[in-house]
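Close look at the chain arrangement
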Amino acid sequence: MSIAIDVESLSKRYVISHLNKGAQSIREVIGGYFSKLTGTENHSPIDEGEPNVNSSTEEFWALKDISFKVLEGERIAVIGGNGAGKSTLLKILSRITEPTAGQVSIRGKVASLLEVGTGFHPELSGRENIYLNGAILGMPRREIQRKFDQIVEFSGVEKFIDTPVKFYSSGMYVRLAFSVSAWLDPDILIVDEVLSVGDQAFQKKCAERMKELTGDGRTVIFVSHSMATVKSMCERALYLKNGRLISFSPVEEAATEYVRTVMTETEQRKWHCEHFEYIPGVTEVYHENNEYIKCIEGWIENSEGVKASMLPIHKAFKVVVRYRLLKSVDFRVVPTFHFYTEDGGRFFVSYPEKSAPQLAGVYVAVCEVPEFLVNIGRFSVCPVLSSFELTDPVHFSLPNALRFEMMEVPNSDDRRHGWSGDVPGPTRPRLKWSVSIE
């Protein structure tokens, strides 16, 4: 398979100018005043060239020594926090910005969607902007005419296609802008976070269209802060941090590395937490109703009955919560455990099978999780106590109260059949199979 994008030792430097705000002479003050009136004042604090002699400067490297290769037909995500260099990289790949150092080799025609309505004229109708934007992208009028109906149908703005786009909502704007880029058959499509403006239905259509494009051999570079979107759309991911390339790996690995880095930098407590004691005013609570219920503590225990947060995938474990029912009630009090992935996605909820207690007393709710139900990785548990007959059903809910990590001991899963890589997804249940010859 041919290389679509080849980036070698790419760097981008900006010079940030800090204007001197010290004592000024009367001439400088008057000169500055007239500069403001005439519009000749220099407002830009960032310059790629030489700084003003009257200002102090510092260098800022938006990208530093980045190298990677993208094959034709790949869907590549670019992830990282704000200021990581994602937008700068896309602008260089789109030939909007020149690099300071390094080389970028691109094979094929590039279409970019970096901002909502890039290349659109607000006074022109949607129809006119399709032709305008297509021309900007280098498409002949005949080809635009041939794809026009597909573009409009995909965007979902048929009723307003002859309305000036200045009257469009931001969602309509971005749908039409993406549709032009997606249906004008570029070899390489570069898309920034703008797709988050669209609704769920449109995002699903975009994902399907991207898969169609790559199925036809086209390449997609996609930037998003949503790890769920990245995992659903892309195969590999570039993880950038402070302008440097941290990793270029399968999307599951890169997303996990990014999420863990963010949590390490933003959270004060450690990830693993096999036990908690409920302390009013200290324990993180999403919902609390102390009229009927008092949470006491909770824990995770391994197959040996020992509290633990590091658990082997091939052995069962238990999640436990102790609580006090302060008085007998005439409604059911139901304990539940909500299981979340490391990036905050809830992937299953477990309820008890038997009737929920109603009499006053201390109760211990135990949920046994069988072996191989939860895949390797990091997960959290939110214990919840509810009475669904009530208008306000939740008595307490403790997000991230328990956090654990599943590990895989070598040779513990005979279903691998020689596969040594990661098995994607938050679960890995042992389902019944049969393979037989007819």
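Residues numbered from 1 in each chain as written. Predicted model: local features only at pLDDT ≥ 70, side-chain atom pairs only at ≥ 80, totals over all residues. Heavy atoms only, no water.

**Topic: the overall build of the protein chain**
Quick note on the threshold: Only runs of H or I of at least four residues qualify as helices and only runs of E of at least two qualify as strands under DSSP, and these elements are numbered from the N terminus. For each residue, the accessible area found with a 1.4 Å probe, counting protein chains only, is set against the maximum for its type, and the residue is called buried under 20%, exposed over 50%, and partly exposed in between. Throughout, a residue-residue contact means that at least one pair of heavy atoms, one from each residue, lies within 4.5 Å. Exposure was quantified through the Shrake-Rupley algorithm and a 1.4 Å probe, taking into account, for residues, occlusion by the shown protein chains and nothing else.
Looking only at helices and strands, the protein chain has eight helices and 21 strands in total. The buried share among the 438 residues of the protein chain stands at 44%. Partitioning the contacts of the protein chain with sequence separation of at least 6, the portion at a separation of at least 24 is 74%. As displayed, the protein chain has an accessible area near 24000 Å², and 51% of this comes from carbon and sulfur atoms.

**Section: the sheet that holds strand E15 (residues 317-325)**
To keep it simple, the criterion reads: One requirement defines pairing of two strands: DSSP has to find at least two bridges between them. An axis is simply a line fitted to the C-alpha atoms; with a helix, the fit covers only the stretch in contact. Between two such axes, the angle follows the N-to-C directions and lies from 0 to 180 degrees.
Across the sheet, four strands lie side by side as E11-E13-E15-E18; this open sheet has antiparallel pairing. The open sheet has two free edges, formed respectively by strand E11 (275-277) and strand E18 (361-369), since each of these has just one partner strand. In this sheet, adjacent strand axes meet at a mean angle of 15° when their direction is disregarded. Across nine bridges, the pairing between E15 and E18 is antiparallel. When the bridges of E18 are listed, Lys 318 appears paired with Glu 368.

**Re the sheet that holds strand E10 (residues 244-250)**
Across the sheet, which stays open at both edges, the six strands sit in the order E6-E7-E8-E4-E9-E10 with mixed pairing between neighbours. Whereas interior strands pair on both sides, the edge strands pair on one side only; in this sheet they are strand E6 (110-113) and E10. Averaged over all pairs of adjacent strands, the angle between their axes in this sheet comes to 15°, without regard to strand direction. Of the strands in this sheet, E6 and strand E7 (188-191) are in contact with helix H5 (residues 170-183), which crosses E6 at around 170°. This element, helix H8 (residues 251-266), spans strand E4 (75-79), strand E9 (236-241) and E10 of the sheet and lies at about 135° to E10.

**Let's talk about unusual backbone geometry**
Despite not being glycine, Asn 400 has its phi angle at roughly 60°, a positive value. The topology assignment puts Asn 400 in the loop between strand E20 (394-397) and strand E21 (402-407). A positive phi angle is found at His 417, which is not glycine, with a value near 50°. With respect to the element layout, His 417 can be found in the segment after E21.

**Let's talk about the pattern of salt bridges**
Applied cut-off: Salt-bridge detection follows one rule: a side-chain nitrogen of Lys or Arg within 4 Å of a carboxyl oxygen of Asp or Glu.
Applying the stated rule across the entire model yields 19 salt bridges. As a salt-bridge pair, Arg 415 and Asp 413 come within 2.9 Å of each other at their nearest N and O atoms. Assessed through its relative accessible area of 27%, Arg 415 is described here as partly exposed. The partner of Arg 430 in a salt bridge is Asp 413, with the nearest N and O atoms 3.9 Å apart. Separated by 17 residues along the polypeptide, Arg 430 in the segment after E21 and Asp 413 in the segment after E21 bring together distant segments of the chain.

**Description of the side chain of Ser 386**
Its place among the elements puts Ser 386 in strand E19 (residues 377-386). A residue is classified by how much of its surface remains accessible, and Ser 386, at 3% relative accessible area, is buried. Residues within four places of Ser 386 in sequence aside, it is in contact with Arg 332, Val 333, Val 334, Pro 393, Val 394 and His 395.

**Here's the deal with the packing of aromatic side chains**
As a reminder of what qualifies: For Phe, Tyr and Trp, rings pair up if their centres lie within 6.5 Å, where Trp contributes its six-membered ring, and each pair is then called stacked (planes under 30 degrees apart), edge-to-face (over 60) or tilted (otherwise). Throughout this description, the term charge over a ring refers to an Arg CZ or Lys NZ atom that lies within 6 Å of the ring centre and within 35 degrees of the ring normal.
Applying the stated criterion across every chain yields a total of 13 aromatic pairs. Arranged with centres 5.2 Å apart and planes meeting at 50°, the rings of Phe 317 and Phe 404 form a pair that is tilted. On the criterion of sequence distance, the pair formed by Phe 317 in strand E15 and Phe 404 in strand E21 is long-range, its members being 87 residues apart. Residue classification places Phe 317 among the buried positions, given a relative accessible area of 2%. Since its relative accessible area comes to 0%, Phe 404 is described here as buried. Site record: aromatic cluster; members linked through ring pairs are Phe 317, Phe 339, Phe 347, Phe 348, Phe 379 and Phe 404. The aromatic ring of Tyr 14 is capped on one face by Lys 12, whose charged end is 5.2 Å from the ring centroid.

**A look at the pairing of strand E16 (residues 334-341)**
Taking burial as the measure, the eight residues of E16 include eight buried ones, the bulk of the element. Burial of E16 is two-sided: the residues Val 334, Thr 336, His 338 and Tyr 340 facing one way and the residues Pro 335, Phe 337, Phe 339 and Thr 341 facing the other way are all buried. When E16 meets E19, the two strands line up antiparallel, connected through eight bridges. Residue pairing across strands places Thr 341 opposite Phe 379, the latter belonging to E19. Pairing analysis gives four bridges linking E16 to strand E17 (residues 346-350), with the strands arranged antiparallel. Note on E17: the bridge partner recorded for Phe 337 is Ser 350. Following E16, the chain reverses through four residues before pairing antiparallel with E17; Gly 344 in that reversal takes a positive phi of roughly 95°.

**Description of H5**
Defined as follows: One fewer than the residue count of a helix, multiplied by 1.5 Å, yields its expected span.
End to end, H5 covers 20 Å across 14 residues, agreeing with the expected 20 Å (1.5 Å per residue, within 8%). Asp 185, located one to two residues past H5, shows a positive phi value of around 50°.

**So, the environment of Lys 109**
Mapped onto the elements, Lys 109 comes out in the loop between strand E5 (101-106) and E6. As a C-alpha pair, Lys 109 and Asp 185 span 76 residues in sequence and 8.8 Å in three-dimensional space. Setting aside residues no more than four positions away along its own chain, Lys 109 makes contact with Leu 137, Gly 138, Met 139, Pro 186, Asp 187 and Ile 188.

**A short note on the packing of helix H4 (residues 141-155) against H5**
Helix-helix packing is described using two parameters, namely the angle between the two axes and the distance between the axes. Here is the rule: Our angle categories are set so that under 35 degrees counts as roughly parallel, over 145 as roughly antiparallel, 65 to 115 as roughly perpendicular, and the remainder as oblique. Two helices that cross are described as forming a left-handed crossing if the nearer one is turned anticlockwise from the farther one by less than a right angle, and a right-handed crossing if clockwise. Only Asp, Glu, Lys and Arg are considered charged, only Ala, Val, Leu, Ile, Met, Phe, Trp, Tyr, Cys and Pro nonpolar, and every remaining residue, Gly among them, polar.
Between H4 and H5, whose axes approach to 8 Å, the crossing angle comes to 140°. The angle between H4 and H5 falls in the class oblique. Crossing of H4 over H5 shows right-handed handedness. Between H4, through Lys 147, Gln 150, Ile 151, Phe 154 and Ser 155, and H5, the contact on the second element is made entirely by Arg 175, Leu 176, Phe 178, Ser 179, Val 180 and Trp 183. Residues belonging to the contact of H4 with H5 are distributed by class as follows: six nonpolar, three polar and two charged.

Such coordinate-based values are descriptive only and should not be taken to indicate function.
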